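# What the coordinates show
One letter stands for each residue in the lines below.
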Amino acid sequence: MHITAKILGHDSIATTQTYVAVYDHDVIEHHRAYIARRRALRPSQEYREPTDSEWDEFLGHFAQRKLELGTCGRAYGTGCQHEHACIRCPMLRPDPAQRERLQIIIASLDERIAEATQRGWLGEVDGLRTSLAAAEQKLTQMQRTATNLGMPSFPLRPKAAQES
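Residues numbered from 1 in each chain as written. Predicted model: local features only at pLDDT ≥ 70, side-chain atom pairs only at ≥ 80, totals over all residues. Heavy atoms only, no water.

## A closer look at empty space enclosed by the protein
Empty space among the atoms becomes apparent when a probe as large as a water molecule is rolled across them. Tallied over the entire structure, the rule returns one cavity of 30 Å³ or more. Empty space within the largest cavity amounts to approximately 50 Å³. Lining the largest cavity, in full, are Leu67, Cys72, Arg74, Cys80, Cys86, Cys89, Met91 and Leu92. Residues belonging to the lining of the largest cavity are distributed by class as follows: seven nonpolar, no polar and one charged. (1 Å grid on protein atoms, 1.4 Å probe; cavity = no way out; pocket = protein on both sides within 12 Å on 5 of 7 lines; lining within 4 Å. Points joined across faces, edges and corners; volume = space filled by probe spheres on them. Nonpolar A, V, L, I, M, F, W, Y, C, P; charged D, E, K, R; others polar.)

What follows is the structure in structure tokens.
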């Protein structure tokens, strides 16, 4: 529908819908035909029932997504590219309930950076600073996702305004 709207130069898809009648039955039939064409192009072994071990592996992947600070967003069947340095990983979706734990980690990183600087471990300092920057970014991300806007409230109208 949106392609037709673009071809016809309509700014609103509602305009296009006034010219084209689309019935639910037609949409369902077109979708079924599309699925049938896709399946014909794919190997039939992709449409078999998984074995018990394959199913257990699949479910195990999702069980392993739960981490201390949140959830790992890695796709099924992919390995961890960051060697489980989750704080640095962009796939970590922080849990706002773990904000205090993340603040403890940040404080610890600050202490470790100070110690490494004092001892002249420049490589360690560099790596810890990278982790600290990532942890601070995760904290900011948590603060954005934890905003509770509450329920909107509307002021009551004065009685005189209600009667008119």
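Picking up after the structure, the text goes on.
## Quick word on the confidence of the model for the chain
The predicted coordinates ought not to be read in detail in places where the model reports low pLDDT. Confidence in the prediction for the chain averages 81 pLDDT; 82% of positions are at 70 or higher. Element-level mean pLDDT values for the chain span from 55 in helix α7 (residues 159–163) up to 95 in helix α5 (residues 99–119). (pLDDT = per-residue confidence, 0-100. Helix = DSSP H or I, 4+ residues; strand = E, 2+ residues; numbered from the N terminus.)

## Considerations on the nonpolar core
Formed by 15 residues in total, the largest nonpolar core has its most connected members in Leu69, Leu102, Ile106, Leu109 and Ala135. For this core, the elements supplying multiple residues, two or more each, are α5 and α6 (122–145). Excluding anything up to four places from it in sequence, Ile106 contacts Leu132, Ala135, Glu136 and Leu139. (Core = buried A, V, L, I, M, F, W, Y, C linked by side-chain atoms within 4.5 Å. Buried < 20%, exposed > 50% of the residue type's maximum accessible area, 1.4 Å probe, protein only. Contact = heavy atoms within 4.5 Å.)

## Some words on a nonpolar patch on the surface
Residues Ile3, Ile7 and Leu8 make up a contiguous nonpolar surface patch of about 340 Å² in total accessible area. Tracing the chain through its elements places Ile7 in helix α1 (residues 2–8). Taking relative accessible area as the criterion, Ile7 reaches 68% and is therefore assigned exposed. (Patch = residues over 30% accessible without salt bridge, like charges linked within 9 Å, V, L, I, M, F, W, Y side chains within 5 Å. Areas by Shrake-Rupley, 256 points an atom, 1.4 Å probe, with all protein chains shown as cover. Salt bridge = Lys/Arg side-chain N within 4 Å of Asp/Glu carboxyl O.)

## Considering the pattern of salt bridges
Scanning the entire structure with this criterion turns up five salt bridges. A salt bridge links Arg119 to Glu115; the shortest N-O distance between them is 3.2 Å. Here Glu115 and Arg119 lie together in helix α5, a separation of four residues that amounts to about one turn.

## Description of the state of the cysteines
For the coordinates displayed, the defined rule picks out zero disulfides. Residue Cys89 stays outside any disulfide, its sulfur separated by 5.7 Å from that of Cys72, the closest cysteine. (Disulfide = S-S within 2.5 Å.)

## Concerning α5
Taking 1.5 Å of rise per residue, the 21 residues of α5 would be expected to cover 30 Å, and the 30 Å separating its terminal C-alpha atoms lies within 8% of that figure. Residues Leu102, Ile105, Ile106, Leu109, Ile113 and Ala116 constitute the buried set of α5. Taken around the axis of α5, the buried residues stretch over an arc of 100°, which confines them to a single face. Every exposed residue of α5 that faces more than 90 degrees away from the buried side is listed here: Glu100, Glu111, Gln118 and Arg119. Just downstream of α5, Gly120 is the residue with a positive phi angle, here 80°. (Expected span 1.5 Å × (residues − 1). Arc of directions from axis to C-beta.)

## A short note on the packing of aromatic side chains
Tallied over the entire structure, the rule returns three aromatic pairs. Seen in terms of ring centroids, Phe58 and Phe62 are 5.0 Å apart; in terms of plane orientation they differ by 75°. Their pairing is edge-to-face. Residue Phe58 and its partner Phe62 are located together in helix α4 (residues 52–63), separated by four residues, close to a single helical turn. Residue class for Phe58 comes out partly exposed when judged on its relative accessible area of 27%. Aromatic side chains Phe58 and Tyr76 sit 4.9 Å apart centroid to centroid with 70° between the ring planes, which places their arrangement in the edge-to-face category. A residue pair is termed long-range when its members are at least 10 positions apart, and Phe58 in helix α4 and Tyr76 in the loop between β1 (70–72) and β2 (92–94) qualify at 18 residues. (Phe/Tyr/Trp six-rings, centres within 6.5 Å; stacked < 30°, edge-to-face > 60°.)

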